[in-house]
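A structural walkthrough
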Amino acid sequence: MQEFGIDLGTANTVVCDSTEGVVLDEPSVMLTRAGFPRRGVVAVGREACELLGRSPAGVYPVRPLQDGVITDLESARLYLRSVLHRIAPNPWGRARMRAAIGVPVGATTLERRALLEAADEAGIHRACALPEPIAGAIGCGIDPLERRAHLVVDVGGGTAEATSFCYGGILAHRSCRVAGDEMTLAVTHHLREQHQILIGELTAEQVKIQASTADGPSLVVQGRDAGTGRPRLATLEVNELNEVVRPVIDGIIQTLAACLDELPPQATCDILADGVALFGGGSLICRFGDSLERAFGFPVKLAERPLTCVAEGATLSLHNPDLLHSYASPSG
Ligand code: ADP
Ligand code: MG
């Protein structure tokens, strides 16, 4: 029987198979064509992303999740169905599949049910919805059924979330709407204001990622001169970019502080001793873990695979009935 863990992120969708590992890792975007009575899907994932800004009239890009929540139930269902059809094209195969789908902690019952119904419509009758931080924690090797409290921080595209849990239940959860995308915006804004150079969203994201992985002290950016409109190069210091994303990091630090404030003292002691686990693409920004360690004084451990651990953990959860009983909402 095939078993899948599915992470429907605001920025990326990752699907992990229990035997093959990660089988899909693509941007969470689709192109749809308006139609009656049903909308049609033109392209999904990377293919849809490549067509952004080049799509013909009547075709619209849709991001099924925004700021970590499902904004439009119909789009989310359409998207999930397309993803499921891609990973398991054969309807007989889908009927025998099991899946755990990561959902935001704050997802409403209606949103969870809509996703599980979409899975059911796509032929996956045995699906369950598991909170994303729990799935991510499992993917980092944490046991969420332990009697010790744990805390994880997930910095995605649209939101950063701090979640503490213990012995099968969530203790505290705080989320803020500044994360990876906001860092990208800050880079765009800085280049326009301080270097008079205009760059697109995709380039800004590349610059941000390059800065967090750069070997040298500076990097070169190509864009359009804000005055003349001609192509131009600019040299950026990595330290300068670290300062640019600082307000976003401070926002995330405040969210983590608010989550810690909600915890009972015994749970705080556990976290001070064990530290927090960090995952999500945004946590790869330069020296993010160090900033958290300096602010709180406890150890911070970055996940081995920060971009895929939610999907990997969701797959692993399917082998742990006690865990699913405590944290997951079953379909049906
Ligand atoms: P989501 O769960 O919301 O789909 P992800 O966990 O996939 O989000 O993370 C996506 C975010 O991580 C994007 O904003 C992307 O720019 C950012 N990101 C990915 N890799 C890096 C990196 N090496 N350095 C900084 N940011 C990164
Ligand atoms: Mg995520």
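Since the model is a prediction, treat every value here as computed from it, not as a measurement. (Residues numbered from 1 in each chain as written. Chains lettered and ligands numbered in written order. Predicted model: local features only at pLDDT ≥ 70, side-chain atom pairs only at ≥ 80, totals over all residues. Heavy atoms only, no water.)

Once that is clear, we can look at the overall build of the protein. Regarding its fold elements, the protein presents 13 helices and 19 strands. At 21 Å, the protein has a C-alpha radius of gyration in line with the 20 Å of a compact globule built from 332 residues. For the C-alpha atoms alone, the extent of the protein along its principal axes is close to 60 × 55 × 30 Å. Each of the 332 residues in the protein was classed as buried or not, and the buried ones make up 51%. Per element, the accessible surface of the protein, about 15,800 Å² overall, is 51% carbon and sulfur. Counting 29 positive and 40 negative side-chain charges, the protein places the averaged centre of each group 6 Å from the other. (Helix = DSSP H or I, 4+ residues; strand = E, 2+ residues; numbered from the N terminus. Rg over C-alpha atoms; globule rule 2.2 N^0.38 Å. Buried < 20%, exposed > 50% of the residue type's maximum accessible area, 1.4 Å probe, protein only. Areas by Shrake-Rupley, 256 points an atom, 1.4 Å probe, with all protein chains shown as cover. Lys, Arg positive; Asp, Glu negative; His and termini not counted. Charge placed at Lys NZ, Arg CZ, Asp CG, Glu CD.)

Here we take up the pairing of strand β12 (residues 160-166). In terms of burial, β12 is a largely internal element, 7 of the 7 residues being buried. The alternating pattern of β12 places Ala160, Ala162, Ser164 and Cys166 on one face and Glu161, Thr163 and Phe165 on the opposite face, and all of these are buried. Across 6 bridges, strand β11 (residues 150-155) lies against β12 in antiparallel orientation. Considered in β12, the bridge of histidine 150 is made with phenylalanine 165. Remark: 4 residues form the turn of the hairpin made by β11 and β12, two consecutive strands paired antiparallel. Sheet topology note: the β12/strand β13 (residues 169-176) ladder contains 7 bridges and is antiparallel. Opposite glutamate 161, over in β13, you have serine 175 as the bridge partner. Between β12 and β13, which pair antiparallel one after the other, the connecting turn spans 2 residues, and tyrosine 167 there sits at a positive phi close to 50°. (Pairing = 2+ DSSP bridges.)

Another point: helix α11 (residues 288-296). Taken residue by residue, α11 has Phe288, Gly289, Ser291 and Leu292 as its buried positions. Considered in projection along α11, the buried side chains sweep an arc of 160° and stay on one side of the axis. The inward-facing, buried residues of α11 abut β11, α9 (246-261), β17 (276-279) and β18 (300-302). Directly after α11, the chain includes glycine 297, whose backbone phi takes a positive value near 80°. (Arc of directions from axis to C-beta. Contact = heavy atoms within 4.5 Å.)

A word on the site of ligand 1. Around ligand 1 there are 18 residues in total, and Ala11, Asn12, Glu205, Lys208 and Ser212 lie nearest to it. One nitrogen or oxygen atom from the side chain of serine 212 is found 2.8 Å from a nitrogen atom belonging to ligand 1. At a separation of 3.1 Å, an oxygen atom of ligand 1 approaches a polar backbone atom of glycine 282. Protein contact buries 90% of the 580 Å² of open area that ligand 1 shows by itself. At the level of elements, α6 (180-195) and α7 (201-213) are the ones that each hand at least two residues to the shell around ligand 1. (Near = heavy atom within 4 Å. Polar contact = N/O pair within 3.5 Å; in protein donor to acceptor, adjacent residues only side chain to side chain.)

Here we take up the sheet that holds strand β3 (residues 21-27). Pairing within the open sheet is mixed, and its 6 strands lie in the order β3-β2-β1-β9-β10-β19. The sheet terminates laterally at β3 and β19 (329-330), the two strands that pair on one side only. Examined bridge by bridge, strand β1 (residues 3-8) and strand β9 (residues 98-103) share 5 bridges and lie parallel to one another. Of the residues in β9, the one forming a bridge with glycine 5 is alanine 100. In the packing of helix α5 (residues 132-139) onto the sheet, the strands contacted are β1, β9 and β10 (126-131), and the crossing angle to β10 comes to about 90°. Here helix α12 (residues 309-317) sits on the sheet and contacts β1, β2 (12-17), β3, β9 and β10; the angle it forms with β1, its principal contact strand, is near 145°. (Axes fitted to C-alpha atoms, helices over the stretch in contact; angles between N-to-C directions.)

Ile6, Leu8, Leu80, Leu84 and Ile101 are the most contacted members of the largest nonpolar core, which totals 31 residues. Listing elements by their share of this core, those giving two or more residues are β1, α2 (73-87), β9, α4 (109-121) and β10. The dominant element in this core, judged by the number of residues it contributes, is α2, at 7 residues. When neighbours within four sequence positions are excluded, leucine 80 is seen to be in contact with Leu8, Ile101, Leu115, Ala118 and Ala119. With 29 residues, the next largest nonpolar core counts Leu151, Ile271, Phe288 and Val300 among its residues. (Core = buried A, V, L, I, M, F, W, Y, C linked by side-chain atoms within 4.5 Å.)

Overall, mixed pairing links the 5 strands, which are arranged β13-β12-β11-β17-β18 in an open sheet. Each edge of the open sheet carries a strand with a single partner, namely β13 and β18. Each neighbouring strand pair of the sheet contributes to a mean axis angle of 20°, computed without reference to strand direction. The sheet strands contacting α5 are β11, β12, β13 and β17, and the helix crosses β12 at an angle near 75°.

Residues Asp181, Glu182, Glu201 and Glu205 make up a contiguous surface patch of negative charge. Those elements that place two or more of their residues in the negative patch are α6 and α7. Mapped onto the elements, aspartate 181 comes out in helix α6. On the basis of relative accessibility, which here comes to 41%, the residue aspartate 181 falls in the partly exposed class. (Patch = residues over 30% accessible without salt bridge, like charges linked within 9 Å, V, L, I, M, F, W, Y side chains within 5 Å. Salt bridge = Lys/Arg side-chain N within 4 Å of Asp/Glu carboxyl O.)

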